[in-house]
Each structure stands twice: as C-alpha cells, then as structure tokens.
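# Structural description and commentary
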Amino acid sequence: MMKIQVICENCNKTAELTPRTVGHHCSIDFLGNNFRVNEVVLNYDRNVDEIDEVEAIVEELSIECTNCGSDIVLIDFSRHSHYHR
C-alpha cells in the first residue's frame, strides 16, 4: 500500500492521504482543514469530432496550507500518466 504525506515546512501542518477502499482510492477530503486544493488546471484535446471523444488531462494541481498560505503546485502529469479507456 502507498500513502502521500503533505507537510507544510513553514508551519508544520500535516495531512496523510491513505487509501481506505478496495482499489487503493483515497479521498482528497483527507487533507482535512489543514490544506485545500486551491486550483486544478485542465487541458482538453480540442481536435475531436464528437463530444464523447473529449478527454481532460490534468496540467497542474495546487495544494495550499490553510494556516499560512504556503503552497505547492504539482505539474507534468502528462509525462507520468498512462490512460486506460
């Protein structure tokens, strides 16, 4: 099993994202009151013929400390993703 720890180096607030379901899914709610997802930037393939062919790809995900405002922006999802249809 894997988990993700979010730690603010400025104020030492922490959160742990640990899967609680079959399939290793984890709710972003586990960030609790210490952190919030501040911004998600999506990129869409606009060269499609029908709406059911549109796929969104995460470009950026920003997580902000609710205590001090420090943040981290995760990028480069497209280089590390493998999509299944």
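Let us now look at the packing of aromatic side chains. According to the stated counting rule, one finds 0 aromatic pairs in the structure shown. In this structure, arginine 20 packs its charged tip against the face of phenylalanine 30, placed 4.6 Å from the ring centre.

Taken as a whole and assessed by the stated rule, the structure comprises 2 salt bridges. Taking the shortest distance from any N to any O, the salt bridge between glutamate 16 and lysine 3 comes out at 3.3 Å. Of the two residues, glutamate 16 is situated in strand 2 (residues 14-17) and lysine 3 in the segment before strand 1 (4-7); the sequence distance between them amounts to 13 residues. Residue glutamate 16 is classed as partly exposed on the basis of its relative accessible area, which comes to 35%. For lysine 3, a relative accessible area of 48% gives the class partly exposed. For arginine 36, the salt bridge goes to glutamate 64, with nearest N and O atoms at 2.5 Å. Of this pair, arginine 36 sits in strand 3 (residues 35-44) while glutamate 64 sits in strand 4 (residues 56-65), placing them 28 residues apart in sequence.

How each quantity is defined
- Residues numbered from 1 in each chain as written.
- Predicted model: local features only at pLDDT ≥ 70, side-chain atom pairs only at ≥ 80, totals over all residues.
- Heavy atoms only, no water.
- Phe/Tyr/Trp six-rings, centres within 6.5 Å; stacked < 30°, edge-to-face > 60°.
- Lys NZ or Arg CZ within 6 Å of the ring centre and 35° of its normal.
- Salt bridge = Lys/Arg side-chain N within 4 Å of Asp/Glu carboxyl O.
- Helix = DSSP H or I, 4+ residues; strand = E, 2+ residues; numbered from the N terminus.
- Buried < 20%, exposed > 50% of the residue type's maximum accessible area, 1.4 Å probe, protein only.

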